[in-house]
Amino acid sequence: MVLTVDVGNTRIKAAVFEGSTVLENFVFEKNELEKKIKIILKKIQNCSDLVVASVGNVEKQAFLAFENQLKIHFLTHDDAFPFINKYATPKTLGIDRMVLAAGATLQYPKQNRLVIDAGTCITYDFIDENDHYLGGAISPGLRLRYEALHNFTARLPLLTLEKPKSYIGDSTAEAIHSGVVNGFVYEIDGFIDEYRENFLNFIIILTGGDADFLAKRLKNTIFANSNFLLESLNQTFQYKINND
Ligand SMILES: Nc1ncnc2c1ncn2[C@@H]1O[C@H](COP(=O)(O)OP(=O)(O)OP(=O)(O)O)[C@@H](O)[C@H]1O
Ligand SMILES: CC(C)(CO)[C@@H](O)C(=O)NCCC(=O)O
Ligand SMILES: [K+]
């Protein structure tokens, strides 16, 4: 069994896989890392490998305490990935985006794929049918938008996610909810439209902490898979074993 760990910008997500099946999911905070991994390994014995993708400030050392229990694989840019990276600055491409691109490439062979990860940031990643990773976009995620409005102004309160009543916000709170939530949805629909103008066919994979909320509101019908990053991490690991 394989324990996959996604260290995001805000939280940590983990899942145990047997082959390609998820046995159990976990979400926890960064300061709980060691404690939680210990609990997971106690609960689910015979995990042979631990695979980590980290974009947060958690380094490989944080996992060395478990070295005598299972093999630690800390993914880096030097590992084998199943696509050709056309990003102009491949060394600065986020490892989470590389893992998402790898998962899309392996799970949906020989087609254009757009991966949208609505997490702390929204990331867009496009891998074409020739398995060329072309790039995409990075923008502030839903919660970050609420926080940025509050942190960088004098008068805007810090609000938490609420469904806007209308696109015409009739109060400060409603104006913020409309700006953040509708702006978020319009942005994503707008990007999808732009891709549609340039590519005849592509599949869309929607993931991240806000994926379910978003899926219901997009004009494009897309199903959310909030586990896509961890599934991709498991697949990237299998690919690495087969190609090392
Ligand atoms: N308990 C929570 N803590 C933080 N964000 C949450 C929580 N529950 C839902 N969310 C939503 O999830 C979004 C963050 O997504 P996610 O959890 O995927 O981010 P992350 O852990 O930082 O991962 P990544 O860095 O890969 O985006 C926020 O915009 C927020 O609206
Ligand atoms: C964009 C984030 C923050 C999303 O988690 C991460 O992928 C990252 O730190 N990327 C580095 C910059 C880039 O991908 O070009
Ligand atoms: K993200």
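Residues numbered from 1 in each chain as written. Chains lettered and ligands numbered in written order. Predicted model: local features only at pLDDT ≥ 70, side-chain atom pairs only at ≥ 80, totals over all residues. Heavy atoms only, no water.

Participant: Would you explain the environment of Asp244 in this entry?
Facilitator: Of note, Asp244 is situated in the segment after helix H6 (228–243). Accessibility expressed as a relative area gives 71% for Asp244, which makes it exposed. Once the C-alpha coordinates of Asp244 and Ile192 are considered, the two residues, 52 residues apart in sequence, prove to be 36 Å apart. (Helix = DSSP H or I, 4+ residues; strand = E, 2+ residues; numbered from the N terminus. Buried < 20%, exposed > 50% of the residue type's maximum accessible area, 1.4 Å probe, protein only.)

Participant: What is the right way to look at the site of ligand 2 in this model?
Facilitator: Every residue lining ligand 2 is accounted for by Asn9, Tyr87, Thr92, Leu93, Gly94, Asp96, Arg97, Cys121, Thr123 and Ile138. At 3.0 Å from an oxygen atom of ligand 2 is found a side-chain nitrogen or oxygen belonging to Asn9. Between ligand 2 and the protein, one listed contact pairs an oxygen atom with a side-chain N or O atom of Tyr87 at 2.6 Å. Counting residues per element, the ones that place at least two in the shell around ligand 2 are helix H2 (95–107) and strand E8 (121–127). Here the residues of the shell around ligand 2 are counted per class, giving 4 nonpolar, 4 polar and 2 charged. (Near = heavy atom within 4 Å. Polar contact = N/O pair within 3.5 Å; in protein donor to acceptor, adjacent residues only side chain to side chain. Nonpolar A, V, L, I, M, F, W, Y, C, P; charged D, E, K, R; others polar.)

Participant: In this structure, what is going on with the sheet that holds strand E3 (residues 21–28)? I would like to understand it.
Facilitator: To summarise the sheet geometry, strands pair through backbone hydrogen bonds and adopt either a parallel or an antiparallel arrangement. Strand order in the open sheet made by the 5 strands is E3-E2-E1-E4-E5, with mixed pairing throughout. Among the strands making up the open sheet, the edge pair consists of E3 and strand E5 (71–74). Averaged over neighbouring strand pairs, the angle between their axes works out to 20° when direction is ignored. Contacting strand E1 (2–7), strand E2 (12–18), E3 and strand E4 (49–54), helix H1 (residues 33–43) crosses the sheet at an angle of about 155° to E3. Across the face of the sheet, H6 comes into contact with E1, E2, E3, E4 and E5 while running at roughly 120° to E1. (Pairing = 2+ DSSP bridges. Axes fitted to C-alpha atoms, helices over the stretch in contact; angles between N-to-C directions. Contact = heavy atoms within 4.5 Å.)

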